[in-house]
Structures are given as C-alpha cells and as structure tokens.
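Residue-level listing of the chains:
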Amino acid sequence: KNEVEQSPQNLTAQEGEFITINCSYSVGISALHWLQQHPGGGIVSLFMLSSGKKKHGRLIATINIQEKHSSLHITASHPRDSAVYICAVGTGNQFYFGTGTSLTVIP
Amino acid sequence: EAQVTQNPRYLITVTGKKLTVTCSQNMNHEYMSWYRQDPGLGLRQIYYSMNVEVTDKGDVPEGYKVSRKEKRNFPLILESPSPNQTSLYFCASSALTGYSPLHFGNGTRLTVT
C-alpha cells in the first residue's frame, strides 16, 4: 500500500513555465513536507505545512486537509529548479514518502 | 553551522561484515531517524528515536539496529549486511516530531557484495 502518491513521476518544462506537482495521501497527518533532492543526493526541506498555503520566492505549496491533497507550484521555472521533488507526510512519530517527481527545466 | 553529519559517504563491504554508519546533529533536536532510498520505492523509514534511550521501528527495520545513548548521535548498525541492504541511506533530525522541518544528512551510499 502507498500512503503517499505523487504525480507526475517525470516532468519536463521549458524555462519560464508554471509547474505543478501533486501529492495525495491516505493517512491522518500532523504535517506535510515538500523536499527537494538534487543530483548528488542531498535532500533539503522546502516547506512544512498543516493547513492553507505557504510561499517562498517562486515556490508555493498548498494543502487541502479535507481532500488529503497538496500541490507544489513553481512559477517562472528555471534550469536550476531541475531536481527531484518529494512529498512526505508525518503521522506523529513516523514519516511516509512519495516516490518523487523528477523535474527537468530546459533553457 | 546547523547540520546533520553522516559518515561515511560511500561504503563498500562484503556480506556478513558488521558495519556502523554514524549520524550526528548539532541542533539539540529531540527526534532523529534513519531512511533508506531505493529506485522506484522512494524513501522508507528504518528506525526513529524520540529522545535518548527511546527508539522504535519504522517501516523496514529488519536487519538493522540503532542506539541513542546521547542526544546528538544516532548510529545505524548492520550486524550482518546482505546484498539487499545495498541502498542510499539518510539520517534526519527535527526539533519536534511532525511539527518541525526535517534536516537531512548528505547520505551514505552502501554497497554490499
């Protein structure tokens, strides 16, 4: 069973395009996390949210608790945004992860 | 600088030879955890710790041990590694489970032959 489902698995965009990555989950959560993993492997936390919407620069994350769904948006995408984006949910002490969305932004 | 430090970054070993991957954080975080990342499966939680001397199993604990004798350190022990434990491993910490961002180490790529 997959507690967290992400779509799409792979995404190629032209520089400047608006990008959306979706995440659906099936468990009760304390918070949802969006993570970024660059080639070379390091993982950084982009957002943690339990309701509403957060914005950081060109990145926006939203969550709908009733629908158990979150989206990550990237406005004016840039080649440096190329990475794997991972959705994770925290359920108290444990975390469950989506399999990631591999984004490539072409100049 | 606030960080989670994992060592080593790369490790090649043979079946059955005990090994330890170290993880240390300097942020005084209560919560620490270990994950493995495999293609097509994503990240999966191995073990976690809520505080010193408090550890519990995640989704895939078989073949692994952990200890939390000090708040800052959370080593991952493979008593008898097998080839199916070849993977990319990450340690992470956070201030308050589920309500704080996760801080990840740089990863350890383990190959068991």
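Residues numbered from 1 in each chain as written. Chains lettered and ligands numbered in written order. Predicted model: local features only at pLDDT ≥ 70, side-chain atom pairs only at ≥ 80, totals over all residues. Heavy atoms only, no water.

## Observations regarding the state of the cysteines
Note: disulfide means a covalent bond formed between the sulfur atoms of two cysteine side chains.
Right, so step 1: The full count for this structure, using the stated rule, is two disulfides over all chains.
Right, so step 2: Disulfide pairing is shown between Cys23(A) and Cys87(A); the S-S distance is 1.9 Å. Measuring the twist about the S-S bond at about -65°, one finds the Cys23(A)-Cys87(A) disulfide to be left-handed. Of this pair, Cys23(A) sits in strand β3 (residues 19-25) while Cys87(A) sits in strand β9 (residues 83-91), and the two are 64 residues apart along the sequence. No difference in accessibility class separates Cys23(A) from Cys87(A), as the two residues are buried.
Right, so step 3: Each sulfur in the disulfide pair Cys23(B) and Cys91(B) lies 1.8 Å from the other. Taking the torsion about the sulfur-sulfur bond, which here is approximately -70°, the covalent link between Cys23(B) and Cys91(B) counts as left-handed. On the criterion of sequence distance, the pair formed by Cys23(B) in strand β3 (residues 19-25) and Cys91(B) in strand β9 (residues 87-94) is long-range, its members being 68 residues apart.
Right, so step 4: The class for Cys23(B) is buried, based on a relative accessible area of 2%.
Right, so step 5: Residue classification places Cys91(B) among the buried positions, given a relative accessible area of 0%. (Disulfide = S-S within 2.5 Å. Helix = DSSP H or I, 4+ residues; strand = E, 2+ residues; numbered from the N terminus. Buried < 20%, exposed > 50% of the residue type's maximum accessible area, 1.4 Å probe, protein only.)

## Here's the deal with unusual backbone geometry
Right, so step 1: A cis amide bond, omega -5°, links Ser7(A) with the succeeding residue Pro8(A).
Right, so step 2: Tracing the chain through its elements places Pro8(A) in the loop between β1 (4-7) and β2 (10-14).
Right, so step 3: The omega torsion across Asn7(B) and Pro8(B) is 0°, close enough to zero to call that bond cis.
Right, so step 4: At Ala76(A), a residue that is not glycine, the phi angle is positive and equals roughly 50°.
Right, so step 5: Structurally, Ala76(A) can be placed in the loop between β8 (69-74) and β9.
Right, so step 6: We classify Ala76(A) as partly exposed; its relative accessible area is 45%.
Right, so step 7: The phi angle at Glu53(B) is positive, at roughly 65°, despite the residue not being glycine.

## A word on the sheet that holds β3(B)
Residue and element names in this part refer to chain B.
Right, so step 1: If you trace the four strands from one edge of the open sheet to the other, you get β1-β3-β8-β7, paired in antiparallel fashion. Every other strand in the sheet has two partners, leaving β1 (4-7) and β7 (65-66) as the edge strands with one partner each.
Right, so step 2: As judged from the three bridges shared by β3 and strand β8 (residues 76-78), these two strands associate in the antiparallel manner. Opposite Thr 20, over in β8, you have Ile 77 as the bridge partner. (Pairing = 2+ DSSP bridges.)

## Focus on the pairing of strand β11 (residues 101-106) of chain A
Residue and element names in this part refer to chain A.
Right, so step 1: Alternating positions in β11 separate cleanly, Thr 101, Leu 103 and Val 105 being buried on one face and Ser 102, Thr 104 and Ile 106 remaining unburied on the opposite face.
Right, so step 2: In this structure, β9 lies alongside β11, joined through three bridges in antiparallel fashion. By the bridge assignment, Tyr 85 is partnered in β11 with Thr 101.

## Re the packing of aromatic side chains
All names here are of chain B.
Right, so step 1: Taken as a whole, this structure holds six aromatic pairs over all chains when the rule is applied.
Right, so step 2: Here Tyr 64 and Tyr 89 contribute two aromatic rings whose centre-to-centre distance is 5.9 Å and whose plane-to-plane angle is 65°, an arrangement assigned as edge-to-face. Residue Tyr 64 is located in the loop between β6 (54-57) and β7, and its partner Tyr 89 is located in strand β9; the two are separated by 25 residues in the primary sequence. Each member of the pair, Tyr 64 together with Tyr 89, is buried.
Right, so step 3: Their ring planes at 85° and their centres at 6.3 Å tell us that Phe 90 and Phe 104 sit as a pair that is edge-to-face. Residue Phe 90 is found in strand β9, and its partner Phe 104 is found in strand β10 (residues 103-104); the two are separated by 14 residues along the sequence. The pair formed by Phe 90 and Phe 104 is uniform in burial state, with each residue classed as buried. (Phe/Tyr/Trp six-rings, centres within 6.5 Å; stacked < 30°, edge-to-face > 60°.)

## Concerning the interface of chain A and chain B
Right, so step 1: In this assembly, 19 residues from chain A lie in contact with 23 residues from chain B.
Right, so step 2: The contact between chain A and chain B buries some 1700 Å² in all, and 59% of this surface belongs to carbon and sulfur atoms.
Right, so step 3: Three residues, Asn93(A), Phe95(A) and Phe97(A), lead the burial of chain A against chain B; their summed loss comes to 33% of the area buried on that side.
Right, so step 4: Where chain A meets chain B, there are three residue pairs in polar contact (both at pLDDT 80 or more).
Right, so step 5: For the side of chain A that touches chain B, the elements supplying multiple residues, two or more each, are β4 (31-37), β5 (43-49) and β10 (94-97) of chain A.
Right, so step 6: Partitioning the side of chain A that touches chain B into residue classes produces eight nonpolar, eleven polar and no charged. (Contact = heavy atoms within 4.5 Å. Buried area = accessible area lost by both parts, 1.4 Å probe. Polar contact = N/O pair within 3.5 Å; in protein donor to acceptor, adjacent residues only side chain to side chain. Nonpolar A, V, L, I, M, F, W, Y, C, P; charged D, E, K, R; others polar.)

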